[in-house]
Amino acid sequence: MDARYNNQIIEETIYSDGGYVASGVYGHGDLRVDGSTLSWVTYDELTDAGKIRKSCTNGVMPDRSVDVDFVYHDGLWYKLRSGTGILRADGFTSDPKMHTWRGWLKSPVAFAIKKPPFAYQIKIWRDKVLGRGTSPRQYLQYLKKSNPTCFHMPGP
């Protein structure tokens, strides 16, 4: 496990509300394709005007500066919480593989959104109670309906 991510607090930046996390900070996702075919990817990127753009691409490797959030592979959507997502012919994984949440609860960094790990289910529930978040499935449904770059992506 990569020690950089153990118990690390997500850094709050001026971009945090928009979902963009800078490279090198917990919460930033990178992508590497290793012997597989790239399909749909959703990500956040900074614009020249200093705003955040949410984008979806199909078969196009995003620029290294973007913050990758979701990857579609073999009929499933995967959430990448941080680190490097690795797309292989046999599946989607990450480096590091695990994250320790709140100092004691271990959770995968990348996971299929149809079955979020227990720690992430707690996060979703907490965010919904506090009125500041949705599940990965709901978020992808929102992007599909509202963002022109996402209209043709597969539903979650």
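Thresholds, definitions, all that
- Residues numbered from 1 in each chain as written.
- Predicted model: local features only at pLDDT ≥ 70, side-chain atom pairs only at ≥ 80, totals over all residues.
- Heavy atoms only, no water.
- Salt bridge = Lys/Arg side-chain N within 4 Å of Asp/Glu carboxyl O.
- Helix = DSSP H or I, 4+ residues; strand = E, 2+ residues; numbered from the N terminus.
- Core = buried A, V, L, I, M, F, W, Y, C linked by side-chain atoms within 4.5 Å.
- Buried < 20%, exposed > 50% of the residue type's maximum accessible area, 1.4 Å probe, protein only.
- Contact = heavy atoms within 4.5 Å.
- Pairing = 2+ DSSP bridges.
- Axes fitted to C-alpha atoms, helices over the stretch in contact; angles between N-to-C directions.
- Polar contact = N/O pair within 3.5 Å; in protein donor to acceptor, adjacent residues only side chain to side chain.
- Phe/Tyr/Trp six-rings, centres within 6.5 Å; stacked < 30°, edge-to-face > 60°.

Focus on the pattern of salt bridges
Next, step 1: Applying the stated criterion across every chain, the model contains five salt bridges.
Next, step 2: In this structure, aspartate 127 engages lysine 123 in a salt bridge whose closest nitrogen and oxygen atoms are separated by 2.6 Å. Placement of both aspartate 127 and lysine 123 in helix α1 (residues 118-129) is noted, with a separation of four residues, approximately one turn of the helix.
Next, step 3: Across the salt bridge formed by arginine 126 and aspartate 127, the nearest N and O atoms sit 3.1 Å from each other.

Quick notes on the nonpolar core
Next, step 1: Counting 13 residues, the largest nonpolar core has Leu31, Val41, Val68, Val71 and Phe92 as its most contacted members.
Next, step 2: Contributions of two or more residues to this core are made by β2 (40-46), β4 (67-73) and β5 (76-80).
Next, step 3: Setting aside chain neighbours within four positions, we find valine 71 in contact with Leu31, Trp40, Leu76, Trp77, Tyr78, Leu87 and Phe92.
Next, step 4: Trp40, Cys56, Trp77 and Met153 belong to the second largest nonpolar core, which has eleven residues in total.

Some points on the sheet that holds strand β6 (residues 83-88)
What links the strands of a sheet is backbone hydrogen bonding, and the strands pair in either a parallel or an antiparallel sense.
Next, step 1: Within the open sheet, the three strands sit side by side as β1-β6-β7. Their pairing is mixed. The two strands at the open ends of the sheet, each matched to only one other strand, are β1 (29-34) and β7 (91-95). On average, each strand axis in the sheet is inclined to that of its neighbour by 25°, with strand direction left out of account.
Next, step 2: In this structure, β1 lies alongside β6, joined through six bridges in parallel fashion. In the sheet register, leucine 31 faces β6, and the bridge partner there is glycine 85.

Focus on the sheet that holds β2
Next, step 1: Strand order in the open sheet formed by five strands is β3-β2-β4-β5-β10, with antiparallel pairing between adjacent strands. At either end of the open sheet lies a strand with only one pairing partner, and these are β3 (52-58) and β10 (110-112). Across the sheet, the mean angle separating the axes of adjacent strands is 20° when strand polarity is ignored.
Next, step 2: Pairing analysis gives four bridges linking β4 to β5, with the strands arranged antiparallel. Following the sheet pairing, valine 71 is matched in β5 by tyrosine 78.

What to know about the side chain of threonine 93
Next, step 1: Within the secondary structure layout, threonine 93 lies in strand β7.
Next, step 2: For threonine 93, the side chain forms a polar contact with the side chain of lysine 97, separated by 2.8 Å.
Next, step 3: When residues no more than four places from it in sequence are discounted, the contact partners of threonine 93 are Thr84, Gly85, Ile86, Arg88 and Ala110.

Details of the packing of aromatic side chains
Next, step 1: Counted under the stated rule, the structure contains four aromatic pairs.
Next, step 2: Ring geometry for tyrosine 78 versus phenylalanine 92: centroids 5.4 Å apart, planes at 50°, classification tilted. One end of the pair, tyrosine 78, is in strand β5; the other, phenylalanine 92, is in strand β7, and 14 residues separate them in sequence.

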